[in-house]
Amino acid sequence: MNGKNFDGIGTGGAYHGQMYVPSWDHPSRPVRMESICCGPSIEARLRTPGYVPTDSMLYKMCDGDVSKLSCVQWCEAARQGDAFALSDIDRWAATYAIALSTFITLFAPRRVALGGGVSNGGEVLFEAIRRHVDKLIFVSMKDRYEIVPCKTMDMAVLIGAAM
């Protein structure tokens, strides 16, 4: 904030990965958003045999060895128009938006800066997040916030841990 790192306590900074969202496997069971939306969780899904269809660009990117798939490839396939990657990102963003829209509704920030590994995927992710948050956001916050990439990106997590 104002060019300085802060720990968020009492200043509006927060980590929303521990908020609860519906499980993909059992929608009536809440799980931490992070268990669906963080990089290792995304990659675990992508690497599950049978999850990525064989006609997906993602399958071709890893020469059929899904154990090699990464979030970087997931986003790249979506940028290139791969139907599976776009659909999976949309599903992911819908879940992410449940937690983020709740956070925005409760704390009314003017700006939400997202950092960390997955956010390096860029606009293909941010567009989907913004679209889904906009559907869920409480009316009083409509058009009163922005979702932007954190300037420190990957370092955001390390800086937060160090602080």
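This one's a predicted model, so the numbers in the text were calculated from it and none came from an experiment.

Undergrad: How should the nonpolar core be read in this particular structure?
TA: In a soluble, globular protein the nonpolar side chains are often hidden away together inside. In terms of nonpolar packing, the biggest core is built from 42 residues, with Trp-74, Trp-92, Leu-100, Ile-104 and Ile-147 touching the most fellow members. Of all the secondary structure elements, the ones that give two or more residues to this core are helix H1 (34–37), helix H2 (39–46), helix H4 (71–79), helix H5 (83–107), strand S3 (111–114) and helix H6 (123–136). When residues of this core are assigned to their parent elements, the largest contribution, 11 residues, is made by H5. Every residue in contact with Ile-104, bar those within four places of it in the chain, is listed here: Pro-109, Val-112, Val-133, Ile-137, Met-141, Tyr-145 and Ile-147.

Undergrad: Help me understand the packing of aromatic side chains, please; the structure alone is not making it clear to me.
TA: Any pair of aromatic rings gets described here by the distance separating the centres and the angle formed by the planes. With the rule as written, the count across this model stands at four aromatic pairs. Grouping aromatic residues by their ring pairs yields a cluster made of Trp-74, Trp-92 and Tyr-96.

Undergrad: So what exactly am I meant to see when it comes to H5 here?
TA: Every α-helical turn comprises 3.6 residues, leaving residues that sit three or four positions apart pointing alike. With 25 residues, H5 extends 35 Å from end C-alpha to end C-alpha; this agrees with the ideal 36 Å at 1.5 Å per step. When the local axis directions of H5 are compared, the greatest deviation, roughly 30°, occurs at Ala-97.

Undergrad: Looking at this structure, how should I read the pattern of salt bridges?
TA: Should their charged atoms come close, side chains of opposite charge can pair. One pass over the structure, following the stated rule, counts eight salt bridges. Its salt-bridge partner being Arg-79, residue Glu-76 comes within 3.3 Å of it at the nearest N-O pair. Here Arg-79 and Glu-76 lie together in helix H4, a separation of three residues that amounts to about one turn. Taking the relative accessible area as the measure of exposure, Glu-76 reaches 28% and is therefore partly exposed. For Arg-131, the salt bridge identified is with Glu-127, shortest N-O distance 3.0 Å. Of the two residues, Arg-131 and Glu-127 are both situated in helix H6; the distance of four residues between them amounts to about one turn of the helix. A relative accessible area of 33% places Arg-131 in the partly exposed class. Residues joined in a network through salt bridges with shared partners are Asp-90, Glu-127 and Arg-131.

Undergrad: I keep staring at the pairing of S3 and nothing clicks. Help me out?
TA: In regular strands, side chains alternate between the two faces of the sheet. Residues Val-112 and Leu-114 line the buried face of S3, whereas the alternating positions Arg-111 and Ala-113 sit on a face that is not buried. Strand direction decides the pairing type here: S3 and strand S4 (residues 146–149), joined by four bridges, are parallel. When the bridges of S4 are listed, Ala-113 appears paired with Val-148. In terms of handedness, the path from S3 via H6 over to S4 forms a crossover that is right-handed.

Undergrad: Is there a simple way to think about H6 in this case?
TA: With 14 residues, H6 should cover 20 Å at 1.5 Å per step; its first-to-last C-alpha distance of 20 Å lies within 8% of that length. Residues of H6 that are buried: Val-124, Leu-125, Phe-126, Ala-128, Ile-129, His-132 and Val-133. The inward-facing, buried residues of H6 abut H4, H5, S3 and S4.

Cut-offs used in this document
Residues numbered from 1 in each chain as written. Predicted model: local features only at pLDDT ≥ 70, side-chain atom pairs only at ≥ 80, totals over all residues. Heavy atoms only, no water. Core = buried A, V, L, I, M, F, W, Y, C linked by side-chain atoms within 4.5 Å. Buried < 20%, exposed > 50% of the residue type's maximum accessible area, 1.4 Å probe, protein only. Helix = DSSP H or I, 4+ residues; strand = E, 2+ residues; numbered from the N terminus. Contact = heavy atoms within 4.5 Å. Phe/Tyr/Trp six-rings, centres within 6.5 Å; stacked < 30°, edge-to-face > 60°. Expected span 1.5 Å × (residues − 1). Bend = angle between axes of the 7 residues up to and from the residue. Salt bridge = Lys/Arg side-chain N within 4 Å of Asp/Glu carboxyl O. Pairing = 2+ DSSP bridges. Right-handed = clockwise from strand over helix to strand, strands pointing away.

Keep in mind that these numbers describe shape and distance, not what the molecule does.
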